[in-house]
Amino acid sequence: MNIQERMDSINDVMKNIAEFIQTDDNIKTDFSEYLKTIGAGAKNSIPIQTAAFNYILERNLGESLKSIPELYLENNKLDKERKDIVEAIKNSISSVFEIKRISKSGFDLLNIVNERRYMVTSLMKMTSLRGLGSGDYIVARIVNLNGDYYLLEISGVLPQTRKTEAFRFAVAKIIQNPELVYLDNPDKQKEIEQDVEDVYNKFIEFFAKTEIVTTNKNADELIGIFNDFTENGEKKDFQNLIQEPEEYKFFDVSEFNNSYDNFLENSLGGFSSHKETYDVGIIYDKELGLYAVPFYGTFKKIFEVQDYTKIQNYDACIKYFLENDKYSANLIKGVAAKYPNFMEIVNAVLAKNYSLEDLLKKYKKRYLENKIISSTTVLYRSNAFSSTLGIIEEEENKPKIDTSVKIGRNDPCPCGSGKKYKKCCGANI
């Protein structure tokens, strides 16, 4: 099969899946509701074709939370070639890419999340992508079919003058899905896994256990002292930083719910900047790395006390740990192993009769199917993250510009970068 035939096959499969979601009795109602929710098709909104594409690649349905490609495979008899294409679509890579070079049929891309270069063939006509240039950034999805990569979609474009936004978005994707840092890059995965192993040994050497519970007011400093130890071997006394809250209880922390424009700067403020006081678990998973988990002490306390209903918002706390995708199946299994009454209490709260295995399949399927190392751990090995921190520091130290003085677009930028104004501080003006 030549490249053109393969491209035609991929496009045909995507069209067939798009038809499937609009005709299957178990899916079409959900798809219609999805379109209404996002306002697809209305004036100045997402086109229906784009919405359908997003739905196919992002939606999971049913008790087992199966993806649309999985459901399509289950409900259609396909030959091997088309099965392979559906599997490839299911495992496609969504990321932020820098365009290194443009060819007649596609792009040479640098994935700034997993730091790997890709030569991709575009499934879209290159004439429709004329506005793109080397150095620009695209939010895109690529698919690997028998070792060849194809560009499925471009959902966002940022010119090279908006590098800051591109890297911020890359870091946001890492925080949401940390496995993207090493997905399709085995060398990066080995590097991070070695880090996990090395730091685990240091965690045990430092704390003599795999988990510590303290308050949010002390958690940042405690993690900082441990980081100093991992970097230079300096072991400071930390016992005074391990403090229990006055009361173990679960509640809504306002800072967790704010949607910040400058999310990264605000996240660097850490737990100690929050108004309320609550407990934080500092946990080291030998397989998945370092976690800082709000209300971990409260979660465990539910299974320790004689009457768990006395713990404020105990039911919301249990649901929080099950439904929050940042917390791994290993964390739930670890707590379940410590407390024989774990499933009894959880089932009472959920009004179910789950086994632990059923519970994990329901709430932690992603962790059962993939090795997802903690975002805290992978960020230490992410060039996108370190570059973003550098950009923030550079912006904070950049001289203030007198906006009352008229600056020509081709004049040297007053910030002292050496670039023309239109290529620097005036890029977005």
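Residues numbered from 1 in each chain as written. Predicted model: local features only at pLDDT ≥ 70, side-chain atom pairs only at ≥ 80, totals over all residues. Heavy atoms only, no water.

### With respect to the overall build of the chain
- A tally of helices and strands in the chain yields 18 helices and ten strands.
- Burial statistics for the chain: of 429 residues in total, 45% are counted as buried.
- Counting contacts in the chain only where the partners sit at least 6 residues apart, residues at least 24 apart contribute 61% of the total.
- Accessible surface for the chain amounts to roughly 23000 Å². Of this, 46% is attributable to carbon and sulfur atoms. (Helix = DSSP H or I, 4+ residues; strand = E, 2+ residues; numbered from the N terminus. Buried < 20%, exposed > 50% of the residue type's maximum accessible area, 1.4 Å probe, protein only. Contact = heavy atoms within 4.5 Å. Areas by Shrake-Rupley, 256 points an atom, 1.4 Å probe, with all protein chains shown as cover.)

### Some thoughts on the packing of aromatic side chains
- In the structure shown here, the tally under the stated rule is 31 aromatic pairs.
- Relative to F321, the ring of F299 has its centre 4.2 Å away and its plane inclined at 5°; by these criteria the two rings are stacked. Within this pair, whereas F299 is found in helix α11 (residues 296-301), its partner F321 is found in helix α12 (residues 314-323), the two being separated by 22 residues in sequence. Grouping residues by exposure puts F299 and F321 together as buried.
- Each member of the aromatic cluster is reached from another via a ring pair, and the members are F250, F251, F271, Y278, F295, F299, F303, Y320, F321, Y327, Y339 and F342.
- Of note, K163 hangs over the ring of F167, and the distance from its end group to the ring centre comes to 5.4 Å. (Phe/Tyr/Trp six-rings, centres within 6.5 Å; stacked < 30°, edge-to-face > 60°. Lys NZ or Arg CZ within 6 Å of the ring centre and 35° of its normal.)

### Observations regarding the sheet that holds strand β10 (residues 289-294)
- Spatial strand order, β8-β9-β10: three strands in an open sheet with antiparallel pairing. Two strands in the sheet have a free side with no partner beyond their single neighbour: β8 (211-215) and β10. Neighbour-to-neighbour, the strand axes of the sheet open up by a mean angle of 20°, direction not taken into account.
- Both strand β9 (residues 279-285) and β10 contribute to a ladder of six bridges, which runs antiparallel. The residue bridging V280 from the neighbouring strand is P294, located in β10. (Pairing = 2+ DSSP bridges. Axes fitted to C-alpha atoms, helices over the stretch in contact; angles between N-to-C directions.)

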